[in-house]
Amino acid sequence: MGYTWHLERCNSLNALNYKDLFVGEMHIGLLRAADFEYLIQFQDTFTTLESGLSFNRKLRTQSDRTASFAEVLSQMRVDGRAPAFRGEAYAVSGMPDGPLLMTVDRSAATLLGIIQTGVHMNGLVRRKDGIHMWVARRAGGARSHPGKLDNMVAGGRDADRSYTEILVKECGEEAGIPEELALRALPTSVVSCAMDADDGARRFWQVAYDLWLPEDFVPRPVDGEVDAFTLLPIEEVADIVRTSDAFKFDCALIVIDALVRHGLIRPDDPGYGDIVSGLRPSLAPA
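This section reports on the structure supplied with the text. (Residues numbered from 1 in each chain as written. Predicted model: local features only at pLDDT ≥ 70, side-chain atom pairs only at ≥ 80, totals over all residues. Heavy atoms only, no water.)

## Looking at the overall build of the chain
To keep things clear, this is the line we draw: Secondary structure counts use DSSP, requiring at least four H or I residues in a row for a helix and at least two E residues in a row for a strand, with both numbered from the N terminus. The globule rule used for comparison is 2.2 Å times the number of residues to the exponent 0.38, while the radius of gyration itself is calculated over C-alpha atoms. Burial here depends on accessible area, computed with a 1.4 Å probe over protein chains only, as a share of the maximum for the residue type. Under 20% is buried, over 50% is exposed, and the range in between is partly exposed. The contact criterion used is simple: two residues touch if any of their non-hydrogen atoms lie within 4.5 Å. Using the Shrake-Rupley algorithm and a 1.4 Å probe, accessible areas are obtained, with residue cover drawn only from the displayed protein chains. Think of it this way: Lys and Arg go in the positive column, Asp and Glu in the negative one, and His and the chain ends go nowhere. For charged residues, the charge sits on one atom: NZ in Lys, CZ in Arg, CG in Asp, CD in Glu.
Secondary structure summary: the chain contains 9 helices and 13 strands in total. Here the C-alpha atoms of the chain give a radius of gyration of 20 Å, agreeing with the 19 Å that 2.2 N^0.38 yields for 286 residues. Along the first, second and third principal axes, the C-alpha set of the chain runs to 65 × 40 × 30 Å. The buried share of the chain, taken over its 286 residues, is 50%. In the chain, the share of contacts with a sequence separation of at least 24, taken over all contacts with a separation of at least 6, comes to 65%. For the chain, the accessible surface area stands at approximately 13300 Å², while carbon and sulfur atoms represent 49% of it. Computed over 30 positive and 41 negative side-chain charges, the inter-centroid distance for the chain is 1 Å.

Below, the structure is given as structure tokens:
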């Protein structure tokens, strides 16, 4: 299978399968053809362009666009064209560090093909026999990817919190990590992916963190998203990623990034250049 299999899967987006979504001149999303045809009817919210849709220029503010699309999304749910409400407001921008243009419920993020930002944290332990990594197993009843292996902590960033605030929140909720310990986590890199999915275009921009933990610290599942945590030698984690799809798709990329940074994937290894460049593909449409 190899590391590049994960990168190819997560960099599989074919922009030709989608219509563009704009706010003014700013490209914000990608729409499947069927969703584009459905959304044309909402002329108070959208204007039809040759390449796709744009939010109606009469919607001049963030709040105008947010409220107008919320009504559309409610109708989409009635018509069976949108998933259940998640209750998390995701920021919509042209790029991860761009100006806030509106917010949408998390359930609509992939449907609209917006860039979803978040945090993923590697829990690491230095022992006499080398580096070890805490690996989470997602609960069997998890809303998405049940039973898959996961990073120690991960979470999407909503519009109301900073990356640090999300990290601290998820550390407490997912692994029982106290705030004072969570704040020791260091941002190390950014990992992105752009891929086709059954429900639309997944475009993720994730900030990766490393948290070096004391040997005697044992994480505990708190909110039910994780069934258990296991501490493994990092070489064993590398073997799992290289030989299987046991990890959730984006979590595998975070592990690969850590393997590069900690010297388990080296410049002399076959495909090193493809691996490093594949961790950060452009999220702009081709």
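## Here we look at the packing of helix 7 (residues 234-243) against helix 8 (residues 249-261)
Here is the rule we go by: Axis lines are fitted to C-alpha atoms, over the contacting stretch for helices. Their N-to-C directions set the angle, which ranges from 0 to 180 degrees. Roughly parallel here means an angle under 35 degrees, roughly antiparallel means over 145, roughly perpendicular means 65 to 115, and every remaining angle is called oblique. By definition, any crossing whose near helix is turned counterclockwise from its far helix by less than a right angle is left-handed, and any crossing with a clockwise turn is right-handed. When residues are grouped by polarity, Ala, Val, Leu, Ile, Met, Phe, Trp, Tyr, Cys and Pro land in nonpolar, Asp, Glu, Lys and Arg in charged, and all others, Gly among them, in polar.
Interaxial distance between helix 7 and helix 8 falls to 10 Å at its minimum, and their mutual angle equals 130 degrees. As far as their axial angle goes, helix 8 and helix 7 are oblique. As for the relative orientation of helix 7 and helix 8, their crossing is left-handed in sense. Contact with helix 7, carried on its side by Ile 234, Val 237, Ala 238 and Val 241, involves Ala 252, Val 255, Ile 256 and Leu 259 of helix 8 and no other residues of that element. Looking at the contact of helix 7 with helix 8, its residues break down into 8 nonpolar, no polar and no charged.

## Looking at helix 7
Where we set the bar: Directions pointing from the helix axis toward each C-beta atom define the arc.
For helix 7, every residue scored as buried is listed here: Ile 234, Val 237, Ala 238, Ile 240 and Val 241. Along the axis of helix 7, the buried residues cluster in a sector spanning 160 degrees; they form a single face.

## Details of the environment of Leu 7
Within the element layout of this structure, Leu 7 appears in helix 1 (residues 3-10). Judged by its relative accessible area of 4%, Leu 7 is buried. For Leu 7 and Phe 249, which are 242 residues apart along the polypeptide, the C-alpha to C-alpha distance reads 9.1 Å. Contact partners of Leu 7, with chain neighbours within four places excluded, come to Leu 253, Asp 274, Ile 275, Gly 278 and Leu 279.

## Let's talk about the nonpolar core
Inclusion rule: Nonpolar cores were defined as sets of buried Ala, Val, Leu, Ile, Met, Phe, Trp, Tyr and Cys residues, with membership established by side-chain atoms within 4.5 Å.
Of all hydrophobic cores here, the largest spans 32 residues; its most connected members are Tyr 3, Met 133 and Phe 247. For this core, the elements supplying multiple residues, two or more each, are helix 1, strand 8 (130-138), strand 11 (186-197), strand 12 (200-212), helix 7 and helix 8. A total of 10 residues in this core trace back to one element, the largest contributor, which is helix 8. Sequence-distant contacts of Phe 247, that is, excluding residues within four places in its chain, are made with Arg 9, Val 135, Lys 148, Leu 149, Asp 150, Val 237, Ile 240, Val 241, Ala 252 and Val 255.

## A look at the packing of helix 1 against helix 8
Contact geometry for helix 1 and helix 8: axes closest at 10 Å, N-to-C directions at 130 degrees. Judged by the inter-axis angle, helix 1 sits oblique to helix 8. Crossing handedness for the pair helix 1 and helix 8: left-handed. Together, Tyr 3, His 6, Leu 7, Arg 9 and Cys 10 of helix 1 and Phe 249, Ala 252, Leu 253, Ile 256 and Leu 259 of helix 8 make up the contact between the two elements. Here the contact of helix 1 with helix 8 is built from residues that sort into 8 nonpolar, 1 polar and 1 charged.

## Topic: the pairing of strand 5 (residues 89-92)
Inclusion rule: Whether two strands pair depends on DSSP finding at least two bridges between them.
With burial as the criterion, only one face of strand 5 is covered, namely that bearing Tyr 90 and Val 92; the residues Ala 89 and Ala 91 on the opposite face remain uncovered. Examined bridge by bridge, strand 5 and strand 6 (residues 102-105) share 4 bridges and lie antiparallel to one another. Considered in strand 6, the bridge of Val 92 is made with Met 102.

## Here we look at the sheet that holds strand 4 (residues 52-55)
One key point about sheets: their strands pair by backbone hydrogen bonds, in either a parallel or an antiparallel sense. Strand order in the open sheet made by the 4 strands is 2-1-4-3, with mixed pairing throughout. At either end of the open sheet lies a strand with only one pairing partner, and these are strand 2 (26-32) and strand 3 (46-48). Between one strand axis and the next, the sheet turns by 30 degrees as a mean value, whatever way the strands run. Sheet topology note: the strand 3/strand 4 ladder contains 3 bridges and is antiparallel. By the bridge assignment for strand 4, Thr 47 is matched with Ser 54.

## Observations regarding the packing of aromatic side chains
Here is the rule: Aromatic contacts are taken between Phe, Tyr and Trp rings whose centres are within 6.5 Å, Trp giving its six-membered ring; a plane angle under 30 degrees counts as stacked, one over 60 as edge-to-face, and the others as tilted. In this scheme, Lys NZ or Arg CZ marks a charge over a ring once it lies within 6 Å of the ring centre and within 35 degrees of the ring normal.
Applying the stated rule across the entire model yields 6 aromatic pairs. Aromatic pair Phe 46 and Phe 55: ring centres 4.8 Å apart, planes at 55 degrees, arrangement tilted. Through pairs of rings, three or more aromatic residues link up here, namely Phe 46, Phe 55 and Phe 69. We note Arg 157 situated over the ring of Tyr 163; from NZ or CZ to the ring centre the distance is 4.3 Å.

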